[in-house]
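# What the coordinates show
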Amino acid sequence: MSEANTGAAMNVAERKAKTEFNKLQKRLRRNVGKAIEDYSMIEDGDKVMVCLSGGKDSYTMLDILLGLQKSAPIRFEIIAVNMDQKQPGFPEHILPAYLEELGVPFHIIEKDTYSVVKEIIPEGKTTCGLCSRLRRGTLYGYAESIGANKIALGHHRDDIIETLFLNMFHGGKLKAMPPKLLSDDKKHVLIRPLSYCKEKDIEAFAQAKEFPIIPCNLCGSQENLQRQNIKMMLQQWEKEQPGRSENIFAAVCNVAPSQLGDRELWDFNDLQNQQDKSHLFTRLDVVQVD
């Protein structure tokens, strides 16, 4: 192939890649915008603390929110926050360098929860419960200290579906991750702007944007292993019947309490008092036909 033809082929490939990226970015922005609108996640005057882990999801969430901040008809503030839990090998310099270059206000919270978890939890036992409680408590406290009234987390649609099955299989509960949540003490509102976004779209976006991803290899906990098993199960289902994951997520958002069995959620005991019994006492005249 001549040099001219090679150059032309490269230009075509570059244009195609740019077109695909633009479609991907628009899809993510549309999904995030719809989730924000559907659940009133962000309102005028909000101060949103965006939690960054260094993974593809939180980088994508920050990028999309910054884009929406520029075009939204409302004004809201974004503050990026990362929690350095002092796990061995964590590259502390990556996120500050990225955020400084981006020009985003940010804070790094340094708290050695890693040592606390290792000291309390026996070797081989799952650390997720204690680790997440310590992390959540620290983030709640920091949000309160800086006056942030919303806390944005990077969980996406696939996380929500996987959590649904984790709770069903291992917790005996029909429970997932809500797109918006009020904390138990009523002080904090958690939002998940990526709730409508597919993980594969986020992966493609993160690769195209070349985010400085911090590998998540610090925790080989049982919960993570269980989540991986469920992820593989869902991927197999999706191969066998494309669109199944979308239907599962739609079901999470379309609950019929009367068709389940939770006696706290639905008053089954009073159904007979609501029953229309008029037909039980209707007399039917019998007509004899010769």
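Just above sits the structure.
Residues numbered from 1 in each chain as written. Predicted model: local features only at pLDDT ≥ 70, side-chain atom pairs only at ≥ 80, totals over all residues. Heavy atoms only, no water.

### Digging into the overall build of the protein
Keep this limit in mind: Secondary structure elements follow DSSP: runs of H or I no shorter than four residues count as helices, runs of E no shorter than two count as strands, and numbering proceeds from the N terminus. For every residue, the accessible area (1.4 Å probe, protein chains only) is compared with the maximum for its type, and the residue is labelled buried under 20%, exposed over 50%, or partly exposed between those bounds. Whether two residues are in contact is decided by their heavy atoms, any of which lying within 4.5 Å being enough. Only the protein chains shown count as cover for residues, and all accessible areas are computed by the Shrake-Rupley method using a 1.4 Å probe.
Scanning the protein from N- to C-terminus turns up 10 helices and 6 strands. Burial status across the protein gives 37% buried among its 290 residues. Across the protein, every contact between residues at least 6 apart in sequence was considered, and the portion connecting residues at least 24 apart equals 76%. A total of about 18400 Å² of accessible surface is found on the protein, and carbon and sulfur atoms cover 51% of it.

### Some details on a nonpolar patch on the surface
Applied cut-off: Residues enter a patch when their relative accessible area is above 30% and they make no salt bridge; the linking distance is 9 Å between like charges and 5 Å between nonpolar side chains (Val, Leu, Ile, Met, Phe, Trp, Tyr). Here a salt bridge means any side-chain nitrogen of Lys or Arg lying within 4 Å of a carboxyl oxygen belonging to Asp or Glu.
A contiguous nonpolar surface patch, about 480 Å² in accessible area, is contributed by Met-168, Phe-169, Leu-174, Val-255 and Leu-260. For Met-168, the location among the structural elements is in helix α6 (residues 157-171). Taking the relative accessible area as the measure of exposure, Met-168 reaches 36% and is therefore partly exposed.

### Some remarks on the layout of surface pockets
What counts here: With a 1 Å grid laid over protein atoms only, a set of points is called a cavity when a 1.4 Å probe fits there but cannot get out and a pocket when it is open yet has protein on both sides within 12 Å along at least five of seven lines; lining residues have an atom within 4 Å of a point. Grid points are joined across faces, edges and corners, and a volume is the space filled by probe spheres set on the points.
Empty space within the second largest pocket amounts to approximately 500 Å³. If you trace the second largest pocket, you find 22 residues lining it, with Leu-164, Leu-174, Lys-175, Val-255 and Leu-260 closest to the centre. The biggest single contributor to the lining of the second largest pocket is helix α9 (residues 244-252), with 4 residues.

### Structural notes on the pattern of salt bridges
All chains considered together, the criterion is met by 13 salt bridges. Its salt-bridge partner being Lys-23, residue Glu-20 comes within 4.0 Å of it at the nearest N-O pair. With Glu-20 and Lys-23 both in helix α1 (residues 3-38) and 3 residues apart, the pair spans about one turn of that helix. A residue is classified by how much of its surface remains accessible, and Lys-23, at 47% relative accessible area, is partly exposed. The partner of Glu-199 in a salt bridge is Lys-56, with the nearest N and O atoms 3.1 Å apart. Of this pair, Glu-199 sits in helix α7 (residues 199-209) while Lys-56 sits in helix α2 (residues 56-71), and the two are 143 residues apart along the sequence. Exposure remark for Glu-199: the relative accessible area of 15% places this residue in the buried category. Put simply, Lys-56, Asp-57, Glu-162, Glu-199, Arg-227 and Lys-231 are held in one network by salt bridges that share partners.

### Remarks on the side chain of Lys-47
As a reminder, the rule being used: Only four residue types enter the charge count, namely Lys and Arg as positive and Asp and Glu as negative; His and the chain termini do not.
Within the secondary structure, Lys-47 sits in strand β1 (residues 47-52). For the buried Lys-47, no salt bridge exists, and the shortest N-O distance to an oppositely charged side chain is 4.3 Å, to Glu-77.

### Describing the packing of aromatic side chains
This is how the line gets drawn: Centre distance within 6.5 Å is the pairing criterion for rings of Phe, Tyr and Trp, where only the six-membered ring of Trp is used; planes under 30 degrees apart are then read as stacked, over 60 as edge-to-face, and the remainder as tilted.
Tallying each qualifying case throughout the model produces 9 aromatic pairs. Ring centres 5.2 Å apart and planes at 15 degrees place the aromatic pair Tyr-59 and Phe-211 in the stacked group. Here Tyr-59, found in helix α2, pairs with Phe-211, found in the loop between α7 and α8 (222-240); they are 152 residues apart in sequence, far enough to count as distant. The pair formed by Tyr-59 and Phe-211 is uniform in burial state, with each residue classed as buried. Aromatic pair Tyr-196 and Phe-249: ring centres 6.0 Å apart, planes at 80 degrees, arrangement edge-to-face.

### Section: unusual backbone geometry
Despite not being glycine, Ser-40 has its phi angle at roughly 45 degrees, a positive value. With respect to the element layout, Ser-40 can be found in the loop between α1 and β1. Phi is positive for Lys-186, which is not a glycine, with a value near 70 degrees. Structurally, the position occupied by Lys-186 is in the loop between β5 (180-182) and β6 (189-191).

### Describing α6
Residues lying three or four places apart along an α-helix face the same way, a consequence of the helix completing one turn every 3.6 residues. Keep this limit in mind: Each residue after the first adds 1.5 Å to the expected span of a helix.
With 15 residues, α6 should cover 21 Å at 1.5 Å per step; its first-to-last C-alpha distance of 20 Å lies within 8% of that length. With 11 of 15 residues buried, α6 lies mostly within the body of the structure. Of the positions making up α6, those classed as buried are Arg-157, Asp-158, Asp-159, Ile-160, Ile-161, Glu-162, Thr-163, Leu-164, Phe-165, Leu-166 and Asn-167. One or two residues past the end of α6 sits Gly-172, with phi positive at roughly 65 degrees.

### As for the side chain of Arg-192
Formally: N or O atoms within 3.5 Å of each other form a polar contact, as long as, within protein, one can give a hydrogen and the other can take it, and as long as residues adjacent in sequence are counted only when both atoms are side-chain atoms.
By the element assignment, Arg-192 lies in the loop between β6 and α7. At 7.6 Å, Asp-159 is the nearest oppositely charged side chain to Arg-192, a buried residue that forms no salt bridge. At 2.7 Å, the side chain of Arg-192 forms a polar contact with the backbone oxygen of Pro-178. With sequence-adjacent residues up to four places away left out, Arg-192 is seen in contact with Met-41, Leu-153, His-155, Met-177, Pro-178 and Pro-179.

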